[in-house]
Structures are given as structure tokens and as C-alpha cells.
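Residue-level structure breakdown
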Amino acid sequence: MSRKPFVHPYIPNSVPEVKEEMLREVGAWDAEELYAQMIPDRLRLKRPLELPRPLTAELDLRRHVEELLSKNSDCGKHLSFLGAGCWRHYVPSVCDAIASRSEFLTAYAGGAYSDLGRYQAVFEFQSLIGELLEMEVSGIPTYDWGAAAGNAVRMAARMTGRREILVPRSMSPARLSIVRNFCDSANREGRIRIELVDYDPETGMLDLDDLEEKASSETACVYLENPSYLGVIEAHGREASTIAHDNGAEVVVGVDPISLGVLAPPAEYGADIVCGEAQPLGIHMSAGGGSCGFIASRDEERYVSEYPLRLVSVTETEVEGELGFGQCRYERTSYIGRENAKDYVGTTVGLWAIVSAVYMSLMGPRGMRELGEHIIRKAHYAAERLGEIEGVVISFPTFFKEFVVDLGGSGKTVGEVNGALLCEGIFGGKDLSSEFPELGQSALYCVTETHSLANIERLVASLGEVLAR
Amino acid sequence: MRGMREYRAPYWNEPIILELGSEGERGVMVPKLEEGIAGAVSDAWEYVPEAVRRRRPPGLPELSQAQVLRHFLRLSQQTLGMELGNDIGVGTCTMKYSPKVNEELAALLQDVHPLQDEETLQGVLEVIYRFGHVFLREVSGMDAFTFQPPGGSAAAYTNALIIRKYHEVNGELDRRNEIITTIFSHPCDAACPSTAGFRLVTLYPDPETGLPDTEALKEAVSEHTAGMFITNPEDTGIFNPEIDEWTRIVHEAGGLCSYDQANANALLGVTRAREAEFDLCFFNLHKTFSSPHGSSGPGCGAVGVTEELEEFLPVPVLVQEDGRYRLDYDRPHSIGRVRDFLGNVPVVLRSYAWAMSMGPEGLRETAEVSMINNQYLERRLLAIRGVSKPYNVERRVDQIRYSLETLRRETGVGTNDVANRMVDYGVQSYFKSHHPWIVPEPFTPEPCETYSREDVDHWADVLERVIEEAYADPELVKTAPHRSSGHRIKSEPLDDPEKWAMTWRAYKRKRGLK
């Protein structure tokens with residue numbers, strides 16, 4: 001295939017003279033001649049790819065992509081009350097400054113000497129999330145809350161040798177779907193059954209009677225969330241843990257760590273393994289690209305040996321007073337264990353571990369507490385104001401930053417209401433009507449420190465007006 | 001050329017952040033609640049049930065802003081990212097340049113929420129659609145793509161779930177519970193199907209050619225075969241010329257074939273999954289398609305399937321109707337989800353931008369130059385004493401698994417030592433091999449297209465220098481690194497429950513520190 005020279009700024013050896021010289025050095029006239037020595041004729045593509053013409057000039061490329069993206073709106077242009085697993089929190093500038101450092105942005109899998117700083121930053125992530133959770137073990141985070149929960153319940157299943165888990169019916173259906181995939185198995189004996197535990201229709205919290213009834217000597221773990229997908233603060237963690245432990249089961253708790261300035265660390269009410277979503281800790285939403293799932297546990301060998309994640313441990317070096325880092329029990333991971341490993345691991349979200357470490361360092365204990373207080377009060381203010389609107393009921397009274405708004409009394413569907421709000425430049429809360437039919441026409445609203453009083457009043461006015469139409 | 005470049009890594013001996021700061025320092029302030037809110041609501045603690053109130057503040061550090069910034073900047077300086085070093089050694093990872101303009105374009109998505117009304121997502125949905133429907137379909141020959149899997153292993157796992165669902169829907173899952181792979185395929189090709197509950201059958205290479213044995217495959221397939229997970233070229237850089245025979249054998253037994261194309265860099269526009277008759281494939285967008293590796297993610301494993309398997313893709317599936325883009329959740333046979341929302345959308349955007357800057361000529365040029373760089377580096381490396389290229393297949397595609405067994409035998413210096421010593425020259429510690437080490441004392445460089453001839457020569461020069469040192473003064477190499485950011489670690493605590501420490505609080509407890 002003879003082609004015109006194509007010099008590209010990302011390909012230094014595309015310069016025809018250089019390419020020619022290198023070809024001569026390796027004893028070939030052209031690339032096709034070499035490929036023909038590797039790949040049989042019948043498998044080689046004998047035509048150019050049919051693709052759009054290249055935009056080799058950066059300016060042209062920028063214009064093209066900016067024009068495409070200009071068809072979007074976002075939560076800066078619109079006023080948004082969306083959450084449901086991806087939340088808009090303020091990202092301090094230092095987080096972005098570190099996230100864009102060439103060294104961290106473009107490192108990958110280098111060694112513990114050449115990437116010492118990356119190892120230390122990840123160790124600090126583990127240490128800081130450990131402080132928030134009051135737990136002694138964590139690892140390099142995984143993709144998102146769902147994957148973390150999936151890994152965590154499988155850890156519990158292996159530890160107990162049991163094949164059933166109890167999860168709250170109020171769990172995010174998307175997250176539950178991820179966990180279902182982790183629990184299903186091509187091997188019938190390997191399947192982990194998932195039992196849904198009801199929630200109290202008044203409070204949204206776990207129905208302890210139902211939990212008591214379903215927990216048994218088959219139960220590998222009881223999984224609960226705090227705050228739950230529906231925003232509810234689960235007040236009965238202690239009771240749920242006792243039920244689980246009485247049945248010889250592990251307790252796995254999923255958390256939104258931004259709540260931990262005001263909410264107790266789950267270990268205090270009995271959690272053995274904690275997982276959750278670190279995106280609120282200094283990571284932009286990025287259309288869902290900011291997810292970062294973490295796992296933590298007590299420092300006991302029986303937990304550590306079941307982690308699928310890479311675990312960075314601090315150690316000493318040959319120089320007195322100097323610290324270094326390495327991988328703990330690396331043979332657990334699929335990089336060494338292949339099919340005998342604990343689940344699988346791979347490229348996950350290393351950069352987000354570093355960024356959230358920066359966030360937790362900036363916030364400190366006071367920042368986390370003040371932010372928690374700020375958010376919970378503001379969310380309750382918004383809920384109270386919305387509850388004053390004719391036809392609106394706030395379903396569950398105990399919540400952190402998200403709350404269920406029942407619009408059923410208005411006679412309108414969430415879809416209709418959100419459509420009308422959109423025309424006013426507002427993204428209403430997530431429509432729950434198909435995910436939780438029992439909640440009727442309800443939406444999940446999210447309020448954080450990024451909302452101002454004026455934003456909330458604007459929502460109240462618009463919603464009131466839309467519902468009155 | 002003025003001879004070998006001298007390098008000295010920044011050495012900060014930076015404390016752990018939990019050792020820094022003083023009580024009361026603040027890195028950022030939280031805004032005060034506006035009076036209209038503060039005056040109207042109760043104290044925060046009124047809203048938190050007694051049983052779950054935080055009693056002790058978390059033991060996070062207290063530092064002012066400049067001190068936090070400085071700490072993490074120092075850590076970044078002690079990290080040899082691709083943009084600073086020379087990552088040719090990090091084979092199987094395709095450490096190519098990630099264009100800066102794409103970072104700025106990806107930042108345009110920062111404030112997008114994935115659950116926004118579709119009408120307000122049309123731009124980003126169009127980018128995803130174009131990249132899958134226009135680019136990757138043509139590059140692979142597959143019929144449909146999903147970008148939900150957030151990494152390469154996650155993509156292999158997704159493929160395992162699709163294969164599981166396919167056999168389940170066909171009522172054959174109870175019988176079809178075996179996956180075949182090769183030892184030179186990535187470990188995730190074994191681990192991911194295993195996580196999905198399959199039994200693994202692993203084929204080993206012919207000691208002469210390095211190629212997995214077709215006869216062994218014929219013996220391995222049976223009515224239990226659910227599928228095959230394989231890379232091609234494998235880690236050795238050897239392209240299996242009988243790959244279409246392999247897929248035929250597996251198909252004939254009733255299995256599906258999944259092509260691990262995590263790094264397909266030297267094959268763009270050269271050969272495709274379609275012509276080799278694969279049913280599924282995946283590309284790592286953080287490798288071949290230039291999205292930055294991000295200290296190990298976020299990434300994306302773009303999964304492509306044939307029309308027959310499209311119904312099993314994770315939801316939501318992006319569809320185009322009359323020029324509008326819509327997310328379709330109504331897919332009865334879908335495997336459900338492997339990742340919340342739409343996956344790592346900014347990674348897809350960067351990859352799209354990169355591919356648009358390349359076009360058909362650029363993708364082919366990427367492949368050719370990567371492949372030529374590999375031949376060129378080989379010529380340099382095989383001229384170095386102590387370096388050998390196992391297996392008698394002459395031409396390798398994108399990378400080569402070399403061996404330093406001769407060096408080790410002659411000097412006692414092994415591949416771990418050489419990797420550590422190369423760091424002293426400002427070159428990233430190279431990738432040796434996945435486990436197990438079939439090739440003794442292995443290393444696996446991959447000189448992809450964004451490295452200049454000068455870069456390739458520099459990498460070879462450094463290796464040559466280190467090997468000269470190994471012959472002249474083995475101790476020098478065995479005690480390396482000497483000019484890096486740290487010194488040789490004590491590795492025994494890493495596996496000892498009494499001493500390992502994944503957090504600073506564990507370290508302090510175990511070492512009796514306050």
C-alpha cells in the first residue's frame with residue numbers, strides 16, 4: 001500500500017526521510033513488506049480505513065470538538081438538583097492543580113522507586129480514607145461504588161463460605177445491577193443469592209423485622225448504605241450489625257464519605273467492611289467520569305487476604321528514617337494469580353485516589369465537619385421550603401443531602417414536571433417513578449454547598465408555578 | 001551527542017501528610033450558610049439521629065493551603081510520568097503521548113451530570129456515538145460498541161458476562177462452563193472469566209516458536225467450551241498466523257471468541273477482529289487511543305461485538321434516531337450494568353479527539369511507525385551482550401519479550417536489578433513480564449509511535465550502559481537505584497500481618513509511634 005507521506009505532530013518518525021532510514025536499518029523497503037512477514041495475507045486489510053478526514057491542526061480539532069460540545073448544557077448553565085450517585089460538590093483549585101500535573105496524569109505502572117511519589121500519594125489516600133472511616137486497611141480504589149460493593153460482598157462470601165447476601169430494597173438499581181453481575185456465576189454452585197430487605201415506608205430506613213427474618217446461617221453479609229440511595233440516614237446500623245453478627249455474617253456498609261464529618265464512621269456501629277463512592281471528595285462529575293469506589297476494613301489477615309485490590313503498604317528502606325512503599329500480598333491479585341486470584345483487578349482510578357487525598361488534606365477535620373453541617377442544614381431548608389408547596393410531600397424525614405420529593409398530590413408526573421422545569425433552566429431531581437413504583441410520582445433531589453439560597457428559592461418558585469399550572 | 005545524560009531524581013524525603021501541619025490550620029474554608037437559611041433551620045445535629053452522630057472528629061491532617069499544595073507537588077516530582085521520562089520500557093501498556101489539547105477539551109465536561117435530560121446531552125452523546133459507530137466499528141469490523149467498561153480488565157469481564165448471558169439465553173450455560181486462554185494472554189483474560197464463574201483452560205506455548213499450539217486447542221475444546229479469551233499478538237509480540245483457524249475451532253465447538261486488543265496500536269488499519277472471525281473484542285482507550293494513563297486510571301475498555309451479540313450489551317445503549325441521540329434502557333437480554341452511568345466519558349472524548357486528529361492515514365501511520373520502531377529497537381538491543389530474544393519467530397509486531405538470562409548467568413545481575421538501575425538514568429523502570437515468568441529474566445519494551453528515533457536510541461543506550469556496568473561492577477547494579485527519589489525498600493514487612501501497614505494509623509500502631 002503506497003501512501004503519501006503523512007507527517008503528524010504526535011508521530012516524530014512519520015518524517016519520510018527518518019522512516020525510510022529506519023526501514024533500511026531493519027532491512028525492509030516499506031512497512032507492508034514487514035507486516036507481510038508477520039500477518040498472513042488473508043488477514044490483512046487491503047484498503048484504507050474509511051474514516052473522516054483528519055484534523056491535524058490543533059485549532060481545527062479544537063473548533064470541531066467545541067462545536068459538538070456546544071450542543072450540551074451542564075450544571076453550571078442550568079440549575080441542577082440531580083445527584084443519585086454523582087454529585088456536584090465544590091472542587092478546590094488545588095485539587096485540579098494536582099490532577100493536571102504531568103507526572104501524575106501520565107504515570108501508569110512504574111516501579112516503587114521511579115514512581116515513589118505516586119506510591120506515597122496512594123498510600124496517603126488509603127491513610128486518609130482510613131481516618132475518615134476509622135479503619136486500618138484500604139487499597140487503590142476501584143471503578144465506582146457498585147464495583148466496590150460487588151468486591152466487598154464477594155470478600156464476605158469467601159470469608160464465610162456462604163452464598164447469600166442481604167441488601168436493602170432501597171439500593172440504587174444501577175448499583176444493584178453491578179452487584180448482581182458480581183454475584184451471578186457460570187457455575188451454579190458458585191452463585192451468590194441476593195435477598196432484598198424491605199425498607200420502612202415511613203422512614204426509608206431498613207425494616208429490621210424483615211432483616212431479622214431473612215438473616216440466617218446462610219447469610220454471608222448484610223449490606224446496608226448510609227446515607228442510602230434515597231438519601232436517608234440509616235439510624236439502625238447498630239441493630240442491623242447485631243442481627244448480622246448473631247448469624248455469623250459480615251457487615252458491609254456503603255457510604256458517601258462527604259457525610260462523615262457529621263455521621264459516625266460505620267465501624268462504630270459494627271461494620272466489618274466499608275465501601276463507597278469518593279467522587280464527592282474533590283472530583284468533578286464529568287458526565288459520570290468521576291466515579292471512584294473504595295473499600296476499607298479492619299486490619300486482620302482474613303480480610304486482607306480476600307482483597308482483590310492492590311494494597312500499598314508503607315515499609316522502611318535501607319536508609320535510617322526513610323520510608324518506602326510496596327505491594328502487600330501481591331499474589332492475591334489477578335496480575336499474579338490469574339484465574340486463582342481474588343476476583344480481578346486492573347487499571348481503575350489511580351488519579352482519583354490522589355485527587356481525593358488532596359481534598360481530604362485540604363478539608364481537614366474541621367472542614368469535613370463544617371461541610372457536613374452546612375449541607376445537612378441547607379438540604380433540610382430546601383426540603384422544608386419545597387414541602388410548603390401544594391401537592392408536594394417530603395417522603396422520609398431523616399436525610400443528609402438528598403431527599404425524596406413526592407409530587408403525587410399535584411396530579412402531575414415527575415416527567416411532566418421535570419420537562420416544565422427544564423424550560424425554566426432547571427434540572428429537577430431524578431425521576432424515581434420507574435425505579436421505585438411504590439413511591440409513586442417521586443423524585444430524588446440533591447442539595448449541596450454549591451447551591452445558594454437564591455438557587456433554592458428559584459426552584460421553589462418555579463416548582464410552585466409548574467405545579468399550579 | 002554529548003554522551004550519556006546525567007540524571008538525578010528529586011529527593012525530598014517528604015513526610016507522610018499525616019505527620020505535617022498544626023492544629024487549627026485550614027486548607028480551604030467552607031462557605032457560611034446564608035442568614036436566610038441559617039436563621040430558618042435547626043442546628044445540624046438536630047438532623048442527625050443520636051445513634052449515628054460522629055463523636056470524634058476524623059484524624060485528618062490540619063494544613064494550610066500552600067503546604068498541602070507543596071506536599072503533593074513534591075510527590076509529583078518524585079514520580080516519573082510519561083511526559084517527563086522515557087516510557088518505552090513499559091511494554092504492553094502503550095505509553096504514548098496524550099495530547100494536551102484533549103485535556104482542555106475533556107475539562108469542558110466537568111460540570112455535566114450523566115442523568116441530565118438527553119436534550120442537554122446531545123453534544124457528548126454525539127461524540128460517543130461517532131467514536132463507536134464511525135471509528136471503532138471501522139477499525140475493528142465489529143458491529144456495535146459500548147464504552148461502559150471503565151478499564152481493560154473491566155472490558156474482559158464485560159465480555160465474560162456477555163458470553164455467560166449468551167449461553168444462558170441459549171439454555172447451554174450449565175454445560176458450557178469453560179473458557180480457554182493462553183499463558184501469554186493478559187492475566188485478566190483468565191481472571192475475569194473466572195470471576196464470572198467459568199473454569200479456565202490455559203494453553204502453553206511451543207518452546208520453539210512461542211506460539212500456542214493449534215493441536216492443543218483442538219484437544220481443549222469440547223461441549224463444555226463457552227469461549228476463548230486471547231490476545232494477538234501475545235505478550236511476546238508474536239502474531240498467531242493461525243488465529244482464524246483458532247476462532248473456527250472454537251466456533252465449531254459452540255464457543256464464542258473474545259479478542260483482547262488492549263494494545264492494538266501496531267494493528268490499526270492493518271488487521272481486524274472481524275477478518276479473524278472474533279465475536280467480541282476490546283480496545284483500551286488509555287493505551288491505543290491516547291487517553292492519559294492517570295497513575296492507573298480512569299481508563300476505558302471499549303467493547304465491540306458482532307450483531308448477534310448486540311442484544312447482550314450493557315444498558316443503556318446509545319441509539320441514534322433522526323439525528324437525535326437517545327439512551328435505550330429497554331433491552332431484555334442485556335447483561336445489565338458493569339459501571340454506573342455512561343462509563344468514563346471524558347476518556348472517550350479524548351480518544352475521539354485523538355482519532356479525529358489522525359484520520360485514516362494517521363491511524364495507519366501510528367501502526368506502521370510503532371511497528372518499525374519495534375524492529376529498530378530490536379536491532380539495537382540484540383547487539384548488546386547478554387540480551388536475547390526467545391523463540392525463533394523473526395518478526396515481532398509491537399513489542400518483544402526479551403531475556404537477560406545470559407546476563408544473569410554471566411554476572412549474577414538479573415532483570416529486576418537492571419530495571420532499578422535504569423531509573424538512575426531518568427528512564428522509567430521497565431515492565432518485565434506478566435506472571436508466571438515463562439521467559440527467564442524478562443523485559444518487554446514497546447516503543448510506540450510517539451517516541452522519536454532519538455528516544456528509541458536513548459533507551460537502548462541506557463540499557464547498554466547498565467549492562468556494561470553489570471559486567472564491570474555487578475554490585476553497582478545490584479544495589480541500585482542510587483540517584484532515585486528513594487532507596488531499596490525492606491520488602492519483608494509487606495507480607496507480614498504484624499508489620500504491613502496500608503494506612504498511617506496502622507503503621508503507627510504497629511511500630512509503637514504516637
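Residues numbered from 1 in each chain as written. Chains lettered and ligands numbered in written order. Predicted model: local features only at pLDDT ≥ 70, side-chain atom pairs only at ≥ 80, totals over all residues.

Attention now goes to the overall build of chain A. Helices and strands together make up the secondary structure of chain A, namely 15 helices and 15 strands. The principal-axis extent of the C-alpha atoms belonging to chain A is close to 80 × 55 × 50 Å. The burial tally for chain A puts 62% of its 469 residues in the buried class. The contacts of chain A with a sequence gap of at least 6 include a subset with a gap of at least 24, amounting to 70%. (Helix = DSSP H or I, 4+ residues; strand = E, 2+ residues; numbered from the N terminus. Buried ≥ 20, exposed ≤ 12 C-beta atoms within 10 Å, placed from the backbone. Contact = placed C-beta atoms within 7 Å.)

On to the overall build of chain B, then. For chain B, the count of helices and strands is 14 helices and eleven strands. If one aligns the C-alpha atoms of chain B with their principal axes, the spans along those axes are about 80 × 65 × 45 Å. Relative to its 514 residues, chain B shows a buried fraction of 62%.

Turning our attention to the domain arrangement of chain A. All names here are of chain A. Annotation of chain A at the domain level lists domain 1 (12-66), domain 2 (79-89 + 365-468) and domain 3 (93-359). Here the C-alpha centroids of domain 2 and domain 3 sit 28 Å apart. Taken together, the contact pairs 23 residues of domain 2 with 21 residues of domain 3. For the side of domain 2 that touches domain 3, the secondary-structure elements that each account for two or more residues are α13 (350-387) and β12 (402-406). Partitioned by chemical class, the residues of the side of domain 2 that touches domain 3 number twelve nonpolar, five polar and six charged. (Domains from an automatic or database assignment. Nonpolar A, V, L, I, M, F, W, Y, C, P; charged D, E, K, R; others polar.)

Our focus in this paragraph is the sheet that holds strand β6 (residues 250-255) of chain A. Residue and element names in this part refer to chain A. One open sheet accounts for seven strands, arranged β2-β8-β7-β6-β5-β3-β4; its pairing is mixed. Here the strands that pair on one side only, and so sit at the sheet edges, are β2 (137-138) and β4 (193-197). Along the sheet, helix α10 (residues 237-246) makes contact with β5 (219-226) and β6, crossing β5 at roughly 170°. (Pairing = 2+ DSSP bridges. Axes fitted to C-alpha atoms, helices over the stretch in contact; angles between N-to-C directions.)

Glancing now at the packing of helix α4 (residues 122-140) of chain B against helix α9 (residues 345-382) of chain B. All names here are of chain B. Where α4 meets α9, the closest approach of the two axes is 9 Å, and the angle between their N-to-C directions is 45°. Judged by the angle between their axes, α4 and α9 are oblique. The way α4 lies across α9 gives a crossing that is left-handed. Listed contacts from α9 to Val124, Val127, Ile128, Arg130, Phe131, Phe135 and Val139 of α4 are Val345, Val348, Leu349, Ser351, Tyr352, Ala355 and Leu363. For the contact of α4 with α9, the residue count by class is twelve nonpolar, one polar and one charged. (Parallel < 35°, antiparallel > 145°, perpendicular 65-115°, else oblique. Left-handed = near helix turned anticlockwise from the far one by under 90°.)

Okay, the domain arrangement of chain B next. All names here are of chain B. The assigned domain composition of chain B is domain 1 (1-19 + 69-79 + 484-514), domain 2 (102-357) and domain 3 (367-478). The C-alpha centroid of domain 3 is placed 27 Å from the C-alpha centroid of domain 1. Counting from both sides, the interface comprises four residues of domain 1 and, opposite them, six residues of domain 3. Split into classes, the residues belonging to the side of domain 1 that touches domain 3 amount to two nonpolar, one polar and one charged.

Moving on, we get to the sheet that holds strand β4 (residues 225-231) of chain B. All names here are of chain B. What the seven strands build is an open sheet, ordered β1-β7-β6-β5-β4-β2-β3; its pairing is mixed. Each edge of the open sheet is held by one strand with a lone partner, namely β1 (144-146) and β3 (199-203). Within this sheet the neighbouring strands show an average axis-to-axis angle of 20°, counted without direction. Relative to strand β7 (residues 301-305), strand β6 (residues 280-284) runs antiparallel, the two sharing five bridges. Across the sheet, the residue bridging to Cys281 is Gly304, located in β7.

Another aspect to go through is the nonpolar core. Ranked by internal contacts, the top residues of the largest apolar core, which has 321 residues, are Val153, Cys221, Val222, Ile354 and Val358 of chain A together with Val348 of chain B. Take this core: its biggest share by element is 20 residues, from α13 of chain A. The residues contacting Val358 of chain A, other than those within four sequence positions of it, are Val94, Cys95, Ile98 and Gly282 of chain A together with Val68 and Phe72 of chain B. (Core = buried A, V, L, I, M, F, W, Y, C linked by C-beta atoms within 7 Å.)

Residues and elements named next belong to chain B. Within the secondary structure layout, Ser370 lies in helix α9. Judged by local crowding, Ser370 falls into the buried class, with 28 C-beta atoms found within 10 Å. Once the C-alpha coordinates of Ser370 and Glu311 are considered, the two residues, 59 residues apart in sequence, prove to be 36 Å apart.

All right, on to the interface of chain A and chain B then. Counting from both sides, the interface comprises 183 residues of chain A and, opposite them, 185 residues of chain B. The leading source of residues in the side of chain A that touches chain B is α13 of chain A, at 24 residues. Residues that form the side of chain A that touches chain B fall into these classes: 86 nonpolar, 57 polar and 40 charged.

Structurally, the position occupied by Leu362 of chain A is in helix α13. As a C-alpha pair, Leu362 of chain A and Cys95 of chain A span 267 residues in sequence and 8.9 Å in three-dimensional space.

Moving on, we come to helix α15 (residues 453-468) of chain A. Residues and elements named next belong to chain A. Taking 1.5 Å per residue as the helical rise, α15 with its 16 residues ought to reach 22 Å, and the 22 Å between its terminal C-alpha atoms agrees with that figure. Burial in α15 covers these residues: Ile456, Leu459, Leu463 and Val466. Each buried residue of α15 lies within a common arc of 100° when the element is viewed along its axis, so the set occupies one face. Those residues of α15 that are exposed and aimed more than 90 degrees away from the buried face are Ala454 and Ala468. (Expected span 1.5 Å × (residues − 1). Arc of directions from axis to C-beta.)

The subject of this paragraph is the pairing of strand β9 (residues 324-328) of chain B. A regular strand carries its side chains on alternate faces of the sheet. Two strands pair when backbone bridges link them, and strand β8 (residues 317-321) of chain B and β9 of chain B are joined in this way by five bridges, in the antiparallel orientation. Across the sheet, the residue bridging to Gln320 of chain B is Tyr325 of chain B, located in β9 of chain B.

This brings us to helix α11 (residues 415-422) of chain B. Of all the eight residues making up α11 of chain B, seven are buried; the element is thus mostly covered by neighbouring parts of the structure. Structurally, α11 of chain B contributes buried residues whose contacts are with β11 (442-443), α12 (453-472) and α13 (474-478) of chain B.

This part covers the packing of α11 of chain B against α12 of chain B. All names here are of chain B. With their axes 10 Å apart at the nearest point, α11 and α12 run at an angle of 120° to one another. The angle between α11 and α12 falls in the class oblique. Classified by chirality, the crossing of α12 by α11 is right-handed. Where α11 approaches α12, its residues Val418, Arg421 and Met422 are matched on the opposing element by Val462, Leu463, Val466, Glu469 and Ala470. Considering only residue class, the contact of α11 with α12 consists of six nonpolar, no polar and two charged.

The subject of this paragraph is the environment of Val255 of chain A. Considering the arrangement of structural elements, one finds Val255 of chain A in strand β6. Along the sequence, Val255 of chain A and His236 of chain A sit 19 residues apart, while their C-alpha atoms lie 14 Å from each other.

Residue and element names in this part refer to chain B. Residue Pro233 is bonded to the preceding Asn232 through a cis peptide linkage, with omega at 0°. Tracing the backbone through its elements, the reader meets Pro233 in the loop between β4 and α8 (243-252). With an omega dihedral of -5°, the bond running from His435 to Pro436 counts as a cis peptide bond. Within the element layout of this structure, Pro436 appears in the loop between α11 and β11. Not every positive phi belongs to a glycine, and Ser295 is a case in point at roughly 55°. One can find Ser295 in the loop between β6 and β7. In this structure, Asp322 takes a positive phi of about 50° despite not being glycine. Tracing the sequence through the fold places Asp322 in the loop between β8 and β9.

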